[in-house]
Amino acid sequence: MTALVLDAQTGISGDMTVAALLDLGASREKLLSVLKSLPDQQFEITISRVKKNALDACDFKVTLKNGAPDNDHDMNYLFGQKHEHHHEEDHGHEIAHDHHHHHHEHRHLHDIFAIIDQTVATPHAKSIAKKIFTIVAQAEAKAHGVAVEEVHFHEVGALDSIVDILSVAVLIDDLNVDQVIVTALGEGYGEIRCQHGILPIPVPAVSHIAEAHALTFTRIDCRGEFVTPTGAAIVAALKTADKLPQQYKIICSGLGAGKRAYERASLLRASLIESAEQNPHLDEVVQMSTNIDDSTAEMLGFTLEKLYQAGALEAWFSPVFMKKNRPAYILSVLCKPERQEALENIIFANTTSIGIRYRTWQRRILSRKMMTVSTPYGEISVKACEVPDETGVFHTRYYPEYDSVKALALEKHVDLATLYRLAQNAAENA
């Protein structure tokens, strides 16, 4: 099983992630072709080599051509001294609720989704980019006390975030890994200036993402913001595990440079590793169960949606009869051990449950990869699984991804069964 390890001990941001993945060997050609297809071309990118702590690293820089000043790396501005501009501090902090001195339209989440959809990125890459943006928007909505639909990304400052997040999605899709492992996020301390004034570190959006997605921090003894909202959202969207295997081989690695000149250099290391354990396909999951006899159907349905959004692997209801002959349901949830507490809190907050029992299971999971196939109606994401027959010989079985099939079915007014069949045939012939 091949895994991508993002070593964020000295922080993570959007541009650092893009740089580290490029340095690792993800396709620069695919990235450039997708960025060329963005409808708004008011930016240019520079990919270069820089020295950080005498280490050679890759640097990915987005320069906006739409008149936006770049205060992201102006240390006087970031640390709160007076400055003539009041501009977005960082990729991900660009959600605006005040009047900027550039008069441009605002972009809401659905506008950004429409921009992503217009590119030539694969359906899988588009879904990764949308997931990251959704996590940022949810955190900013909570920070500002507004609905997700009301959060607006300022057009001048949102473009660099679109470029960063779409770039990460394209490169992750290109690497096609089974797992993404992030052990902990290194974060500094103090305060930082952004468009909304002086904020404590970690900034509220990062705190909300960490809380919603059970991210682990480790403290860096250095004044400054090392984890940006975009960086935290990338980890929340991609992370499948937070522990390295006991034994593994490093296939290749890359270094992405942060831009800010802190006392401690911010570098993100990305590595592709191969597990050397006896059975890398053995996995540990927690199964939680609770009996519920006095919640409404609406409460139960809502809870199930929340559980899936927060990282449940599976969740289901089983009808039962309880004491006093009451019809009731058992709510069962399968999750990774690190998601257990967050999912328990969702159950307690949204149902009448007052107790949850749990046990840990070992499971064997088959190796799988995502691929994109072309049909006469458009592209569809397909999961390719290595399945053993009764003699232990492996062959590939293809499962079209429901969300990808559904989106194309709605767009092209074609029935699901036809698209499933076309995707299956395309995958088998690929």
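Novice: Residue-level account of the overall build of the protein chain, with values.
Specialist: If you tally the helices and strands in the protein chain, you get 12 helices and 19 strands. Burial status across the protein chain gives 51% buried among its 430 residues. Pairs at least 24 residues apart make up 71% of the contacts formed inside the protein chain by residues separated by at least 6 positions. For the protein chain, the computed accessible surface area is about 20500 Å², with 50% contributed by carbon and sulfur atoms.

Novice: Could you give an account of the sheet that holds strand S19 (residues 394–400), naming the residues involved and the relevant values?
Specialist: Spatial strand order, S17-S18-S19: 3 strands in an open sheet with antiparallel pairing. On the outer flanks of this sheet lie strand S17 (368–375) and S19, each paired with one strand and no other. The average angle at which neighbouring strand axes cross in this sheet is 35 degrees, direction not considered. Pairing between S17 and strand S18 (residues 378–388): 8 bridges, direction antiparallel. Note that in S18 the partner of Lys369 across the bridge is Ala384. Against the sheet, helix H5 (residues 123–144) engages S17 and S18, with an angle of about 95 degrees to S18. Contacts from helix H11 (residues 402–412) reach S17, S18 and S19 within the one sheet, and its direction differs from that of S18 by about 155 degrees.

Novice: Help me get a handle on helix H12 (residues 416–429), residues and values and all.
Specialist: The end-to-end C-alpha distance of H12 is 20 Å, a good match for the 20 Å that 14 residues give at a rise of 1.5 Å each. Its buried side turned inward, H12 meets S17, S18, S19 and H11.

Novice: Pulling in residues and values, what's your account of the packing of helix H7 (residues 204–213) against helix H8 (residues 229–238)?
Specialist: Helix packing geometry: the angle between the two helix axes and the distance between the axes. The interhelical angle for the contact between H7 and H8, taken along N-to-C directions, is 10 degrees, at an axis separation of 9 Å. With respect to H8, the axis of H7 lies roughly parallel. In this structure, H7 contributes Ala205, Val206, Ile209 and His213 to the contact, and H8 contributes Pro229, Ala232, Ala233 and Ala236. Classifying every residue of the contact of H7 with H8 by side-chain character gives 7 nonpolar, 1 polar and no charged.

Novice: Before we move on, could you go through the environment of Leu32 and cite the residues and values that matter?
Specialist: Note on placement: Leu32 falls in helix H2 (residues 28–36). It is 8.8 Å that separates the C-alpha atoms of Leu32 and Ser167, two residues lying 135 residues apart in sequence.

Criteria and thresholds
By convention here, each chain's residues receive numbers from 1 onward along its written sequence. In view of the model being predicted, local features appear only for residues whose pLDDT reaches at least 70, and side-chain atom pairs are presented and counted only at 80 or more, with totals across whole chains, interfaces and linings using the full set of residues. The side-chain quantities take in all heavy atoms of the structure and omit both hydrogens and water. To qualify as a helix, a DSSP run of H or I must reach at least 4 residues; to qualify as a strand, a run of E must reach at least 2; elements of each kind are numbered from the N terminus. Relative accessibility under 20% of the residue-type maximum defines a buried residue, over 50% an exposed one, and the middle range a partly exposed one, all with a 1.4 Å probe and only protein chains included. Working rule for contacts: check all heavy atoms of both residues, and any pair within 4.5 Å makes them a contact. Here the accessible surface of atoms and residues is derived via Shrake-Rupley with a 1.4 Å probe, and residues count as covered only by protein chains that are part of the display. Two strands pair if DSSP finds at least two bridges between them. Axis definition: a line fitted to C-alpha atoms, over the contacting stretch in the case of helices. Angles run 0 to 180 degrees between N-to-C directions. Take the residue count of a helix, subtract one, and multiply by 1.5 Å to get its expected span. Geometric relationships in this document are graded by angle, where less than 35 degrees denotes roughly parallel, more than 145 denotes roughly antiparallel, 65 to 115 denotes roughly perpendicular, and other angles denote oblique. Polar here means any residue other than Ala, Val, Leu, Ile, Met, Phe, Trp, Tyr, Cys and Pro, which are nonpolar, and Asp, Glu, Lys and Arg, which are charged; Gly is therefore polar.

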